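# Structure at a glance
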Amino acid sequence: MTSGTVLGVAVPAAVIGAASFGMASAIQHRVTKQVPEVATFSPRMLWDLVRKPIWVLSIGTVIVGLSLQVVALAFGPLVLVQPLLVTSVLFGAAFAAWLAGRRMDLVLALGALSCAGGLAAFLLLARPSGQGSEFTGAPVLPLALGMGLLVVASLLAARWLPGEFGVVGLAVATGVFYGVTAGLMRVVAGQFRTGGIVEPFGHWTLYVVCVIGPMGFLLSQQTFQRGRLMSPSLAVITTVDPLVAAAIGVSWLGERIESSPTILAGEAVAAALMIGGIAVLARRSEQIGRELAAREGSDSWG
């Protein structure tokens, strides 16, 4: 497969998919506030949400995003596609501002520019490559055990820590579920390309995706519900997701990124710039949320 095919198909599909995820997240964050809170992983929440037409519409947006993600994964390496999905936090912030009848201010624009610039620099330096769609035989247990322990620790933090600290725990667990789902979807997409539509049904990966994917989605709804604002939760999810997916791509699927000392140093700077941009978006969104809450409180009394 040529690099032109990857750039012409995988990259646009991933970016448009990220926009779809960002729009869905903005809608779901608003709607989940309108239903009662339930226990973690309780499907009752979905029963309450499905009766909200706008939430049902957001599911259609998620399906579009997932379809585009599958297309991107079929034509590009996991370590390229998943970092591009980080841009969903930019789209989410823009859509959230639009739904609230606001314009993105200068700080949000600079945060978006920092995130996008860091992502572009990281991809340029890393030059992700490889079309791994099968497990290479590398040890699976260490990484799987590490991710499992991270999920357990995050869910315990969500249970015992108050406020936004607990929300961060839920967001981290959601990001792990999403990253694992993406890694397995890469395998399913490769099976589909080589063996047709029936081929994936003969392998265990598809069935694991059908379990882990919905669990991650349900957890994301509960994360949005508990979080006062959308951007911090979405920023954590979109940071953990590609990191987990990239670890799976490199460790299990034989994908590659450039790893010379100079390149690694540049990648670290680019990653810091990207994470810094996400942090700016989250912090500014939090400030805007407090300002709006204070304004609404003032209006209600006066």
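Worth saying up front: this structure is predicted, and the values here are computed from it rather than measured.

### Thoughts on the pattern of salt bridges
Summed over all chains, the structure comprises 1 salt bridge. Between D48 and R51 there is a salt bridge, with its nearest N and O atoms 2.9 Å apart. R51 sits in the exposed class, given a relative accessible area of 53%.

### Brief notes about the packing of aromatic side chains
Tallied over the entire structure, the rule returns 1 aromatic pair. Cation over ring: R159 sits above W160, and NZ or CZ is 5.3 Å from the ring centre.

### Structural notes on the layout of surface pockets
Considered as a void within the structure, the largest pocket measures approximately 880 Å³ in volume. As for the largest pocket, its lining consists of 35 residues, and the residues nearest its centre are F21, L66, Q69, T181 and M185. Secondary structure elements with two or more residues in the lining of the largest pocket: α1 (3-32), α3 (53-75), α8 (163-195), α9 (204-226) and α10 (230-251). Top contributing element to the lining of the largest pocket by residue count: α9, with 9 residues. Partitioned by chemical class, the residues of the lining of the largest pocket number 23 nonpolar, 10 polar and 2 charged.

Definitions and cut-offs
Residues numbered from 1 in each chain as written. Predicted model: local features only at pLDDT ≥ 70, side-chain atom pairs only at ≥ 80, totals over all residues. Heavy atoms only, no water. Salt bridge = Lys/Arg side-chain N within 4 Å of Asp/Glu carboxyl O. Buried < 20%, exposed > 50% of the residue type's maximum accessible area, 1.4 Å probe, protein only. Phe/Tyr/Trp six-rings, centres within 6.5 Å; stacked < 30°, edge-to-face > 60°. Lys NZ or Arg CZ within 6 Å of the ring centre and 35° of its normal. 1 Å grid on protein atoms, 1.4 Å probe; cavity = no way out; pocket = protein on both sides within 12 Å on 5 of 7 lines; lining within 4 Å. Points joined across faces, edges and corners; volume = space filled by probe spheres on them. Helix = DSSP H or I, 4+ residues; strand = E, 2+ residues; numbered from the N terminus. Nonpolar A, V, L, I, M, F, W, Y, C, P; charged D, E, K, R; others polar.

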